Number of protein chains: 2
Amino acid sequence: MPKVTDEHRSSRRRQIVVAARTCVIEQGFHKTTMADVIRESGLSAGAVYGYFKSKDEIVAAIADDALSTIDQLFEGILASDAPLRPIDAMRAALDHVVRIAESPDGDVTRVGVQAWAEALHNETIMATATSKYRLLRGHFAAVARRAQQDGTVDPDVDPDYIAQVLFGMIPGFVLQRLMLGDVTPESYSAGLAALLRSPDRNPA
Amino acid sequence: MPKVTDEHRSSRRRQIVVAARTCVIEQGFHKTTMADVIRESGLSAGAVYGYFKSKDEIVAAIADDALSTIDQLFEGILASDAPLRPIDAMRAALDHVVRIAESPDGDVTRVGVQAWAEALHNETIMATATSKYRLLRGHFAAVARRAQQDGTVDPDVDPDYIAQVLFGMIPGFVLQRLMLGDVTPESYSAGLAALLRSPDRNPA
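Residues numbered from 1 in each chain as written. Chains lettered and ligands numbered in written order. Predicted model: local features only at pLDDT ≥ 70, side-chain atom pairs only at ≥ 80, totals over all residues. Heavy atoms only, no water.

A. Just the nonpolar core, in detail. Counting 104 residues, the largest nonpolar core has Trp116 and Met169 of chain A together with Trp116 and Met169 of chain B as the members making the most contacts within it. Not counting residues up to four positions away in its chain, the partners in contact with Met169 of chain B are Val165, Gly168, Met169, Tyr188 and Leu195 of chain A together with Met90, Tyr188 and Leu192 of chain B. (Core = buried A, V, L, I, M, F, W, Y, C linked by side-chain atoms within 4.5 Å. Buried < 20%, exposed > 50% of the residue type's maximum accessible area, 1.4 Å probe, protein only. Contact = heavy atoms within 4.5 Å.)

Following this line, the structure appears as C-alpha cells:
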C-alpha cells in the first residue's frame, strides 16, 4: 500500500470540506447528506469516511477553515503602534467578513447562519459554535483592553462587556448583507463612527 | 352550521401559532411537520388547515405575533420629551427582546434563528423575514433621525447607516444569549455606553 503523504491527506481533506460547504450553501444543513458530500467531492465513500465520520465533524472543519485566518487578522490589528480605536478594528473585521464571503469556493457566512440554527438542536454543533465564538469574542476583548490602555475607550468598564457589543455587531452585519443586501463595511462603519463621535452622547 | 365568531377564530388561530412555536423551539423548523403542529394544537387537521396551508404560513404568523408589540415599543421610545440617546433606545430594545424571549409560551428568539437559516433556502420565509427586518430597521432609522434632531448623534451621516448598526446589534445579542448565555441587557448596554462615551474616539 503506497504511503500517503501529509500533504496529500491535507489536500484530500480540504477537497471534502469544500464539497460539503458547497452542499450546505446550496441545500442547507438539514437536506445535505453524507451521500451528497461524497458525490460532490468526487471521492469514494470510504475515502470521505476516512476523514470525517459525520456531517457534524465536517461542519466543525468548515468552521476551522473559515476562521483559520482570524488569529492573523487580529494580530495585525493589535500590531499597530498608533492608538487602537474600536472603529478601526471593526472596519478590519467587516472587510475580512466580506473577503471570506466572496471566496470563489462559496459564501461561508451562509454556512455560519445554518450552524446557528443547527446548534440549538445539536449538541456537537453547539459545542463547536460556542468554542469558536468564545475565541472570536476573546479577540475583541483584546482589542477592548488595548483601546482602554491607549485611551480611546473608557477604561472603567469591563472589557468583556465591550467585547460582547463589538463581536455582537458581526452577526447583524452578516444577516443584513444576506437578507437585505444593502450593507457594506463602508456603510456599517460610517453608521458606527457617527454614533461614536456624536456630541453630548452618554454621560457616565 | 354555527356561526364562528371573530373572537373564536382569533383564539383558535393563536392556539395553532403557539403550538407551532413550541414544535419549532423543540425540534427545529425542518423536523417540524404539519402533523406535529396538529397534534400539539389538539385541533383537527381540518381545523388547522382552515387557518394555515403550510409551515411557511405559520412561521409568518409566529413572526407577526412576536413583533406585534414592536410598533408600540418604538412609539414609547420616540414619545419622550427628553433628548433621545441611541443608548436608551438600544436598552429598551434589549429589554424587550428578553421580555419576549422569557415568555411562558417559549423563547421565540429560537424561532427567529431557525427562520434566518431557513430564509436562505426558502423564498417565502425570506420574503417574510426581509419585510419584517425592513420594518424593524425602519424603527431604528426613526430613532437615528430623532437623535440627530436632538443633537445626540452626528447629523451629517445617513440615518439609514446608523440604523444598520443599531439594528445590527440585536442578532448578536440574541445569539450570544442563546449560545454563550452570559449577555444581559445590562452588560451589553454597559459595553455600548463605554464605546459611546470614550474620549478622543473618532475624529470625523
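More follows now that the structure is in view.
B. Region of interest: the packing of aromatic side chains. Residues and elements named next belong to chain A. Tallied over the full model, the rule gives nine aromatic pairs over all chains. Considering the side-chain rings of Phe140 and Phe167, the 6.5 Å spacing of their centres and the 40° angle between planes classify their relative orientation as tilted. You can see Phe140 sitting in helix α8 (residues 123–150) and its partner Phe167 sitting in helix α9 (residues 159–179), a full 27 residues away along the chain. Residue class for Phe167 comes out buried when judged on its relative accessible area of 6%. (Phe/Tyr/Trp six-rings, centres within 6.5 Å; stacked < 30°, edge-to-face > 60°. Helix = DSSP H or I, 4+ residues; strand = E, 2+ residues; numbered from the N terminus.)

C. Quick look at the interface of chain B and chain A. Contacts between the two partners involve 62 residues from chain B, matched on the other side by 62 residues from chain A. Contact between chain B and chain A buries roughly 5,700 Å² in total, counting both sides, with carbon and sulfur atoms accounting for 64%. In this assembly, chain B and chain A are joined by six salt bridges. Two residues, Arg137 of chain A and Asp182 of chain B, come together in a salt bridge whose shortest N-O distance is 2.6 Å. The interface formed by chain B and chain A contains 20 residue pairs in polar contact (both at pLDDT 80 or more). Those elements that place two or more of their residues in the side of chain B that touches chain A are α1 (6–27), α6 (86–101), α7 (108–119), α8 (123–150), α9 (159–179) and α10 (185–196) of chain B. No other element matches the 14 residues that α9 of chain B contributes to the side of chain B that touches chain A. Broken down by class, the residue content of the side of chain B that touches chain A amounts to 35 nonpolar, 16 polar and eleven charged. (Buried area = accessible area lost by both parts, 1.4 Å probe. Salt bridge = Lys/Arg side-chain N within 4 Å of Asp/Glu carboxyl O. Polar contact = N/O pair within 3.5 Å; in protein donor to acceptor, adjacent residues only side chain to side chain. Nonpolar A, V, L, I, M, F, W, Y, C, P; charged D, E, K, R; others polar.)

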